[in-house]
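# Architecture at a glance
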Amino acid sequence: MFPQKRRTRLVAVVAASSVLALTAACSGGGGGDDEANDDGTPSGSLTVLTWRTDLVEDGTFDEYVEQFKAKYPEVTDVKVEGVTDYEGTVKTRMNTDDYGDVLAIPGSVTPDQLPDFFEPLGDQAEMEKEYRWLNDKSFEGKSYGIPVVGNVQGIVYNKRVWEEAGITDFPTTPQEFLDDLQAVKDNGIAVAPLYTNYKDSWALSQWEGWRGAVTANPDYVNEMTQSDTPWTDETDTGVIDGTIYDVVANGLTEADPTTTDWEGSKRLIGVGDISAMVLGSWAIPQMAAAAEAAGADPADIAYMPTPAQVDGKFHTVAGGDYNLAINVNSKNKSTARAWIDWFNHESGFSEAQVGLSPLIDGPVPAALEGFMAEVELITMNPAPEGKESLFADIDTASGIVTTDPKYRQQIIDDARSGARTKAQIFDDLNAKWAEGRADAGA
């Protein structure tokens, strides 16, 4: 499917050596029990849930809180709760009213469920004059979340390791990617040419960022709802899961996936024991900071596009990361909205995370400029009106649940054991998907 093209020279995407030069400050505990002032001025207390436990621990959020309170002095307290298993824990808490005032919308929430759990932030058409990537968390013309940062999708890698293995060009096909990982392995520098983060299973969902980029098709996900066989060697989904199978079956990953460690992997790629991980661009500053902390060169951390070209060009999907939203049960919605607006406009979070601003006129961070010069951006098209939940309905009815990394863990298990071939896995997935389409009335 992918013709051989002249390979594009590796471009280092170097993150800043630290996320932010911040001074730790103190933030107290509290809840969201106080209403804002009658005139809408932010006041009272607020509870914010975040998946970024690292930024809670290193004091970054303390500084955010102090800046926010300095702007809104009648806000008495902002309590930031770092949640380690964010998806699982918050999903459970949403069975009650107690899931903070401001939180990131879990990926398992389907579009039609948004009004049940979150306060509408405005009309999507109006908000799109200011913000990008609102489709994912909008329903029936209302937006319920605003992304904190826009990520591009691809592969974080250690540029030094790849160059020492004799690789100076980006792989342009999945097979070239496998060949490059084999060269890294043969060179004997990296313990794991590709690290799956199997045990911290959420990381396997990052491969979804290749959907659309493989075939340069912004409608790929919508077209999946119209097909009974989305897993083939030529489709985005087939290339993604087929590549996962192949790297494992060829022994190009860690020796024992069940012992992987997310936090530890940051240091390992920084020092070169891991050569690559499939992650969004949000991961770049974390890996660079870990490299520096380990005494390695943060400039070794670089970024490459999905290994596929269409018409001789790389493509990358750009989209919003987690979306901040307001708990529909919050007692302090005005202050919650003020936090979201301040965070996106004034905190500097997107630049610090080496991501694109959710603001239409926002800046591109310097660390991504080289990468951006090599790729064409794709923003995935929204579902047609009236079919916003169709993909989720099929996905759930099929039993695959692509938002749940368990099915990719099974692919890794099968590739290690040989229990199923890649063709058998594709046949099984296609059969389940076809059943899901039938059950969902597609």
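Fair warning: this is a prediction, and the values are worked out from it, not measured in the lab.

Let us look at the pairing of strand β14 (residues 323–326). The alternating pattern of β14 places N323 and A325 and L324 and I326 on opposite faces, both of which are buried. Pairing analysis gives 3 bridges linking strand β3 (residues 102–104) to β14, with the strands arranged antiparallel. Bridge assignment links L103 to a residue of β14, and that residue is A325. Bridge count between strand β7 (residues 146–147) and β14: 2 bridges; the pairing is antiparallel.

Attention now moves to the environment of L368. You can see L368 is positioned in the loop between α13 (349–352) and α14 (369–374). Linking L368 and S281, residues 87 residues apart in sequence, is a C-alpha distance of 8.5 Å.

Turning our eyes to something else, we now look at the packing of helix α7 (residues 174–187) against helix α9 (residues 236–249). Each pair of packed helices can be summarised by the angle the axes make with each other and by the distance between the axes. With their axes 11 Å apart at the nearest point, α7 and α9 run at an angle of 25° to one another. It follows that α7 is roughly parallel to α9 by the angle criterion. α7 and α9 meet at a crossing whose hand is right-handed. Packed against α7, whose contacting residues are P174, F177, L178 and L181, the element α9 presents V239, T243, D246 and V247 at the interface. Broken down by class, the residue content of the contact of α7 with α9 amounts to 6 nonpolar, 1 polar and 1 charged.

Let us now look at the pattern of salt bridges. Any two side chains of opposite charge can pair if their charged atoms end up close together. Enumeration over the complete set of coordinates arrives at 23 salt bridges. Close ionic contact of D414 with R420 constitutes a salt bridge, the shortest N to O distance being 2.5 Å. Taking the relative accessible area as the measure of exposure, D414 reaches 4% and is therefore buried. Three or more residues are tied together by salt bridges with common partners; here these are K79, E81, R93 and D98.

Looking now at the domain arrangement of the chain. Taken domain by domain, the chain comprises domain 1 (44–147 + 322–374) and domain 2 (151–318 + 387–440). Taken residue by residue, the interface counts 16 residues in domain 1 and 18 residues in domain 2. Summed over both sides, the interface between domain 1 and domain 2 buries roughly 1,300 Å², with carbon and sulfur atoms accounting for 66% of that surface. Along the contact surface separating domain 1 from domain 2 lie 2 residue pairs in polar contact (both at pLDDT 80 or more). Broken down by element, the residue count for the side of domain 1 that touches domain 2 peaks at 3 residues, all from α14. Its residues placed into classes, the side of domain 1 that touches domain 2 shows 9 nonpolar, 3 polar and 4 charged.

What follows covers the nonpolar core. Among the nonpolar cores identified, the biggest contains 72 residues, and W162 and M287 are the most heavily contacted of them. Viewed by domain, this core spans two of them, domain 1 (44–147 + 322–374) and domain 2 (151–318 + 387–440), each represented by three or more residues. Listed in part, the 46 residues of the second largest apolar core include Y64, V78, F118 and I326.

On to the environment of A299. Position of A299 relative to the elements: it lies in the loop between α11 (284–293) and β11 (301–304). Taking relative accessible area as the criterion, A299 reaches 31% and is therefore assigned partly exposed. Separated by 137 residues in the primary sequence, A299 and W162 have C-alpha atoms spaced 13 Å apart.

This paragraph deals with unusual backbone geometry. The backbone of N197 shows a phi angle near 55°, a positive value even though the residue is not glycine. Structurally, the position occupied by N197 is in the loop between β9 (192–194) and α8 (220–224). A positive phi is found at V354, a non-glycine position, where the angle reads about 55°. By the secondary structure assignment, V354 is in the loop between α13 and α14. In this structure V354 comes out as buried when scored by relative accessible area, which is 3%.

Turning next to empty space enclosed by the protein. For the structure on display, the rule yields 2 cavities of 30 Å³ or more. Space inside the largest cavity adds up to approximately 70 Å³. Lining the largest cavity we find V48, L49, T50, W51, R52, F61, V148, L324, W339, F343 and F349. Ranked by residue count, the leading element in the lining of the largest cavity is strand β1 (residues 44–50), at 3 residues. Across the lining of the largest cavity, the residue classes break down as 9 nonpolar, 1 polar and 1 charged. In this structure, the second largest cavity spans a volume of roughly 40 Å³. Y195, T196, N197, A203, L204, W207, M277, V278 and L279 together form the lining of the second largest cavity. Within the lining of the second largest cavity, the residues separate by chemical class into 7 nonpolar, 2 polar and no charged.

About the thresholds
- Residues numbered from 1 in each chain as written.
- Predicted model: local features only at pLDDT ≥ 70, side-chain atom pairs only at ≥ 80, totals over all residues.
- Heavy atoms only, no water.
- Buried < 20%, exposed > 50% of the residue type's maximum accessible area, 1.4 Å probe, protein only.
- Helix = DSSP H or I, 4+ residues; strand = E, 2+ residues; numbered from the N terminus.
- Pairing = 2+ DSSP bridges.
- Axes fitted to C-alpha atoms, helices over the stretch in contact; angles between N-to-C directions.
- Parallel < 35°, antiparallel > 145°, perpendicular 65-115°, else oblique.
- Left-handed = near helix turned anticlockwise from the far one by under 90°.
- Contact = heavy atoms within 4.5 Å.
- Nonpolar A, V, L, I, M, F, W, Y, C, P; charged D, E, K, R; others polar.
- Salt bridge = Lys/Arg side-chain N within 4 Å of Asp/Glu carboxyl O.
- Domains from an automatic or database assignment.
- Buried area = accessible area lost by both parts, 1.4 Å probe.
- Polar contact = N/O pair within 3.5 Å; in protein donor to acceptor, adjacent residues only side chain to side chain.
- Core = buried A, V, L, I, M, F, W, Y, C linked by side-chain atoms within 4.5 Å.
- 1 Å grid on protein atoms, 1.4 Å probe; cavity = no way out; pocket = protein on both sides within 12 Å on 5 of 7 lines; lining within 4 Å.
- Points joined across faces, edges and corners; volume = space filled by probe spheres on them.

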